[in-house]
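Take a look at the letters that make up each chain.
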Amino acid sequence: MESIKKGLDRTLYWITVVLFALLVLIVVWQVFSRQVLSSPATWTDEGARQTFVWLGLFASAFLFGERGHIAVEVIVRRFPPRTEQIIAIVVQLIVLAFALIVLVWGGWRASQNAWTQELSALPFTFGQMYLALPVSGLLMAFYSIFYLRGLVRGDVSPYPDVESEDDPEVQLSKYSASSELLPESTQSHRSPEAIDQTREG
């Protein structure tokens, strides 16, 4: 299952890269054709909308697979490890239910209801655009099952331990007394008289 996830991660990564590049090209051509050529391309509006829908849903699935979505963990991390694990399992079950019921089942029904509604400027239908909902839902469901399996077996931590430059604690450590910018020796050995003399000088 780990190899399947890695392959899916790589595939989704390149799909989102291609879709983002395609979206940029469509929008640039839309502006260029309107402002420079004075003949706006009629298909660019619908093309950008459809590309944006697929990009947003696929990128959400990819980010969920990387455990990159925002999570408020400050309260949960104060619980014992076992309680934290149970809460993480419940969260994954909620995500799995949302992916299967709302995205897969609801998205499939929306796609089928709009399958014959053709776009005015592109040879596609609204149903094909809405098809991104069940597809992304299946992807999220797979990732949720993957993490549920890891949480139950103890192979996956309830929440990822990631220290980045944006972490407030990491930022605070840069300006602490033990950091290079404010060495402790400078703070502890300078008397108020020495500070005043420095200011007068």
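Given the structure is predicted, the values throughout are model-derived calculations rather than measurements.

### Some points on the overall build of the protein
And then number 1: The number of helices and strands found in the protein is eight helices and zero strands.
And then number 2: When the helices and strands of the protein are listed from N to C terminus, the series reads α-α-α-α-α-α-α-α.
And then number 3: In the protein, buried positions account for 31% of the 201 residues.

### Topic: the packing of aromatic side chains
And then number 1: For the coordinates displayed, the defined rule picks out seven aromatic pairs.
And then number 2: Taken together through their ring pairs, the aromatic side chains of Tyr13, Trp14 and Phe62 make up a single cluster.
And then number 3: The side chain of Arg67 reaches across the aromatic face of Tyr147, ending 5.0 Å from its centre.

### Focus on the packing of helix α3 (residues 81-113) against helix α5 (residues 132-153)
And then number 1: Following both chains from N to C, one finds α3 and α5 inclined at 160 degrees, their axes separated by 8 Å at the closest point. With respect to α5, the element α3 is oriented roughly antiparallel. Seen from above, α3 lies across α5 with left-handed handedness.

### Section: the side chain of Lys5
And then number 1: By the secondary structure assignment, Lys5 is in helix α1 (residues 2-35).
And then number 2: Within the structure, Lys5 has its side chain in polar contact with the backbone oxygen of Gly65 (distance 3.4 Å).

### Concerning the pattern of salt bridges
And then number 1: Summed over all chains, the structure comprises three salt bridges.
And then number 2: Put simply, Asp9 and Lys5 hold a salt bridge, and the shortest N to O gap is 2.7 Å. Of this pair, Asp9 and Lys5 both sit in helix α1, four residues apart, which is roughly one turn of the helix.
And then number 3: Classification of Lys5 as buried rests on a relative accessible area of 9%.

Definitions and limits used
Residues numbered from 1 in each chain as written. Predicted model: local features only at pLDDT ≥ 70, side-chain atom pairs only at ≥ 80, totals over all residues. Heavy atoms only, no water. Helix = DSSP H or I, 4+ residues; strand = E, 2+ residues; numbered from the N terminus. Buried < 20%, exposed > 50% of the residue type's maximum accessible area, 1.4 Å probe, protein only. Phe/Tyr/Trp six-rings, centres within 6.5 Å; stacked < 30°, edge-to-face > 60°. Lys NZ or Arg CZ within 6 Å of the ring centre and 35° of its normal. Axes fitted to C-alpha atoms, helices over the stretch in contact; angles between N-to-C directions. Parallel < 35°, antiparallel > 145°, perpendicular 65-115°, else oblique. Left-handed = near helix turned anticlockwise from the far one by under 90°. Polar contact = N/O pair within 3.5 Å; in protein donor to acceptor, adjacent residues only side chain to side chain. Salt bridge = Lys/Arg side-chain N within 4 Å of Asp/Glu carboxyl O.

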